[in-house]
Amino acid sequence: PVLLLAREPAEHTESTHRHDGFDAARGADDSPSRHLDDLLAVAGPGSRPFLESMTNGASAQLERLERLEIPFERERDGDLVLSQLKGSSVARSVHAESMTARHLSRRLSALLAKYEVSGQLHRYVGWTVVDLVLDDDGSACGVVAQCFATGELRSFEANGVCLASGGHTGLFMHDTLAPGGLGGVTGLALRRGASVVAPGSVSVHPLCYRAAGFVRRLPRRLESMNADLDAGLFDLTRLDRAPLRRAAGSALEAYAQAAGADPYSEPIVVMAAPDRTLGGLEVSTDHATAVPGLYAVGGVIGAYFGAGTLPGTPLLAALHGSTRVAAAIGGYRDGSREKDLHKSSKAARKRAETALASLLSRNDQGDALHAASQRLRTV
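First things first, this report covers the structure right here in the doc. (Residues numbered from 1 in each chain as written. Predicted model: local features only at pLDDT ≥ 70, side-chain atom pairs only at ≥ 80, totals over all residues. Heavy atoms only, no water.)

### A look at the nonpolar core
Item 1. Core analysis: the largest hydrophobic core is formed by 51 residues, its most contacted members being Phe22, Leu51, Leu65, Leu132, Leu163, Leu294 and Tyr304.
Item 2. Looking at this core, the element that brings in the most residues is helix H2 (residues 48-67), giving 6 residues.
Item 3. In this structure, Leu51 is in contact with Leu36, Leu39, Leu40, Ala43 and Tyr304, ignoring residues within four places of it in sequence.
Item 4. Counting 18 residues, the second largest nonpolar core, distinct from the first, contains Tyr209, Ala211, Leu244 and Ala261. (Core = buried A, V, L, I, M, F, W, Y, C linked by side-chain atoms within 4.5 Å. Buried < 20%, exposed > 50% of the residue type's maximum accessible area, 1.4 Å probe, protein only. Helix = DSSP H or I, 4+ residues; strand = E, 2+ residues; numbered from the N terminus. Contact = heavy atoms within 4.5 Å.)

Structure (structure tokens):
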């Protein structure tokens, strides 16, 4: 059985509003080794153990997404449309227009429903983790979480904990559409003994615009469509509108609505802005942190991006990492069965209740998350 605690529904999270595609070596002139070489050229050699495994499995991951009926763009003969994005030596990025992440998130979230019906999954939406609970051996055995709607604090015991809380880009850019990306959960893990790598390393998105007080992004895919970018003006006016609408129609419509301007008839004023954190919690190749029983995946870790990443990598890294961490947690949980599980569960519950009582006795519960964010900021 799995307990899923989430701040908000998966289909509403910030990552679903990104325009990233999904990279995999599917072309006749491509291969996993070539894909790896392109990534290492920007990430650096330190990420090789993660990237090598990821690129070798990318094609299989894409096949899984096709079986999930993600509406990827296709040629007339049914083959996937492959786009060559900046930094890639060949065309290997697939897109469901500019909403690949949103389609994927909605599909996976809907599939979870059958596990809820069977009792294998218990989903709590509108909750945030405010403390991690460790047993006497220093292993993760649960969390304390708070409900946004009621303010209720509750303890949850567990055989293992996985963090998938996203990065901390909000520490560098407070006017994005992702105010929650402040690294609070990362700070909790640090205080409990986890390590962090390159917390100040951030990638920059070159096609951002400001509207209604927020900084928003245009798809990086537009860079590959021969648009002119000069002195902060991104000019699409000379391009055929049909392929632009197929590739980025929803994003350009959002721009037109937010900025009150027509991107097809006048240049867009763009700027470079922080886009995603490249660093995060340090993990092994099975996504285990330095705290036994505590795992992490997605933007909260700093394993796959190194010194930089390519536009089609984050979705692939998240899906590849999720399969690795699921297997690792399963193995960790099976190993723990050698212990007296009843005794272990009782001890975890007691530890969680103690942590909850400690939080309830304080008047500064909100300060804990703020202190964690401040710590990451100063590093």
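Further notes follow.
### A closer look at helix H1 (residues 32-43)
Item 1. Its 12 residues give H1 an end-to-end C-alpha distance of 16 Å, which sits within 8% of 16 Å, the value for a rise of 1.5 Å per residue.
Item 2. Residues His35, Leu36, Asp38, Leu39, Leu40 and Ala43 constitute the buried set of H1.
Item 3. Directly after H1, the chain includes Gly44, whose backbone phi takes a positive value near 95°. (Expected span 1.5 Å × (residues − 1).)

### Quick look at the side chain of His205
Item 1. Take His205: it is sitting in strand S10 (residues 202-211).
Item 2. Given the relative accessible area of 4%, His205 is considered buried.
Item 3. Among the polar contacts made by the side chain of His205, one reaches the main-chain amide nitrogen of Leu207 at a distance of 3.0 Å.
Item 4. From its side chain, His205 meets the backbone oxygen of Leu218 in a polar contact 3.0 Å long. (Polar contact = N/O pair within 3.5 Å; in protein donor to acceptor, adjacent residues only side chain to side chain.)

### Description of the sheet that holds strand S11 (residues 214-217)
Pairing between sheet strands relies on hydrogen bonds along the backbone, with the strands arranged either parallel or antiparallel.
Item 1. One open sheet holds the 3 strands; their spatial order is S11-S10-S15, and the pairing between them is antiparallel. Of all the strands in the sheet, the pair left with one neighbour each is S11 and strand S15 (271-277). Neighbour to neighbour, the strand axes of the sheet diverge by 60° on average, direction disregarded. (Pairing = 2+ DSSP bridges. Axes fitted to C-alpha atoms, helices over the stretch in contact; angles between N-to-C directions.)

### Considering the environment of Glu353
Item 1. Structurally, the position occupied by Glu353 is in helix H7 (residues 341-360).
Item 2. Sequence separation between Glu353 and Val133 is 220 residues, and the spatial gap between their C-alpha atoms is 9.4 Å.

### A closer look at the sheet that holds strand S13 (residues 233-235)
Item 1. Ordered by their spatial adjacency, 3 strands build an open sheet running S12-S13-S14, and the pairing between neighbours is antiparallel. Of all strands in the sheet, those with a lone pairing partner are strand S12 (228-230) and strand S14 (268-269), marking the two edges.
Item 2. When S12 meets S13, the two strands line up antiparallel, connected through 3 bridges. Looking at the pairing, Leu229 lines up with Phe234 of S13.

### Observations regarding the environment of Thr186
Item 1. Position of Thr186 relative to the elements: it lies in helix H4 (residues 184-191).
Item 2. Residue class for Thr186 comes out buried when judged on its relative accessible area of 2%.
Item 3. A C-alpha to C-alpha distance of 9.7 Å links Thr186 and Ala296, two positions 110 residues apart in sequence.

### Description of unusual backbone geometry
Item 1. Backbone geometry places Glu97, a non-glycine residue, at a positive phi of 55°.
Item 2. Its location among the elements puts Glu97 in the loop between strand S3 (93-94) and helix H3 (100-118).
Item 3. Overall, Glu97 belongs to the partly exposed group, its relative accessible area being 37%.
Item 4. Although it is not a glycine, His287 adopts a positive phi angle of roughly 70°.
Item 5. Here His287 is to be found in the loop between strand S16 (280-281) and strand S17 (294-296).
Item 6. For His287, a relative accessible area of 0% gives the class buried.

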